[in-house]
Amino acid sequence: MAKVKVVLRGHISVPADRVTQVREALPDHIALTRAEPGCISFDVTEDADIPGRFNVHEIFENQAAFDAHQARTKASTWFKVTEGIPRDYQITRV
C-alpha cells in the first residue's frame, strides 16, 4: 500500500500593518518546518501581484507528519505573529 502524502496549497492575507512582522518571522518558520521529520517541501512566498498575500505550498509524507507540523506551529513564534490572519487553504491527499 502506498503512503498518502498531504498537500496544502493556498495563501494567507496579511494586513498591511502586520506585513513587516510576518516577513521577519517567516525565515525561521520555513527553516523549522523544513527540518521537521516527514516534510517533503515547504514554501511560503510573497505574491508579486497582490499586496499582503503570501502563497503557501507544503507537502508532508503522511498525515502523522502533517499533524506533528500543525502541533508544533501552535507553540511557535509564527503562530503568535500570524494569529487571526485570514488563511485560504486547500488540503488534499495524494
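Preceding block: the structure.
So, a few notes on the structure that sits alongside this text. (Residues numbered from 1 in each chain as written. Predicted model: local features only at pLDDT ≥ 70, side-chain atom pairs only at ≥ 80, totals over all residues. Heavy atoms only, no water.)

Counting buried positions along strand E1 (residues 6-13) gives six out of eight residues, so the element sits mostly inside the fold. Sheet topology places E1 next to strand E3 (residues 53-60); eight bridges connect them, and they run antiparallel. Note on E3: the bridge partner recorded for Ile 12 is Phe 54. (Buried < 20%, exposed > 50% of the residue type's maximum accessible area, 1.4 Å probe, protein only. Helix = DSSP H or I, 4+ residues; strand = E, 2+ residues; numbered from the N terminus. Pairing = 2+ DSSP bridges.)

Our focus in this paragraph is the environment of Arg 72. Tracing the backbone through its elements, the reader meets Arg 72 in helix H2 (residues 63-74). As a C-alpha pair, Arg 72 and Thr 33 span 39 residues in sequence and 8.9 Å in three-dimensional space. Ignoring any residue separated from it by four or fewer positions in sequence, one finds Arg 72 in contact with His 29, Leu 32, Thr 33 and Glu 36. A distance of 2.9 Å separates a polar atom in the side chain of Arg 72 from a polar atom in the side chain of Thr 33. At a separation of 2.4 Å, a polar atom in the side chain of Arg 72 contacts the side chain of Glu 36. (Contact = heavy atoms within 4.5 Å. Polar contact = N/O pair within 3.5 Å; in protein donor to acceptor, adjacent residues only side chain to side chain.)

Here the focus is the sheet that holds strand E4 (residues 87-93). The strands making up a sheet associate through backbone hydrogen bonding, with each pair oriented either parallel or antiparallel. Taking strand neighbours across the sheet as the criterion, the four strands line up as E2-E3-E1-E4 in an open arrangement whose pairing is antiparallel. The open sheet has two edge strands, strand E2 (39-46) and E4, and neither has a second partner. Each neighbouring strand pair of the sheet contributes to a mean axis angle of 10°, computed without reference to strand direction. Bridging between E1 and E4 involves seven bridges; their strand directions are antiparallel. Following the sheet pairing, Val 7 is matched in E4 by Thr 92. Contacting E2 and E3, helix H1 (residues 19-34) runs over the sheet at an angle of about 165° to E2. Each of E1, E2, E3 and E4 touches H2; the most contacted strand, E3, lies at about 140° to it. (Axes fitted to C-alpha atoms, helices over the stretch in contact; angles between N-to-C directions.)

Residues Ile 12, Val 14, Val 22, Leu 26, Val 44, Phe 54 and Trp 78 are the most contacted members of the largest nonpolar core, which totals 20 residues. Going through the elements one at a time, E1, H1, E2, E3, H2 and helix H3 (77-82) are the ones with two or more residues in this core. The contact partners of Phe 54, leaving out residues within four places of it in the chain, are Gly 10, His 11, Ile 12, Val 14, Val 19, Val 22, Arg 23, Leu 26, Val 44, Thr 45 and Glu 46. (Core = buried A, V, L, I, M, F, W, Y, C linked by side-chain atoms within 4.5 Å.)

By themselves, these observations are geometric and do not establish any function.
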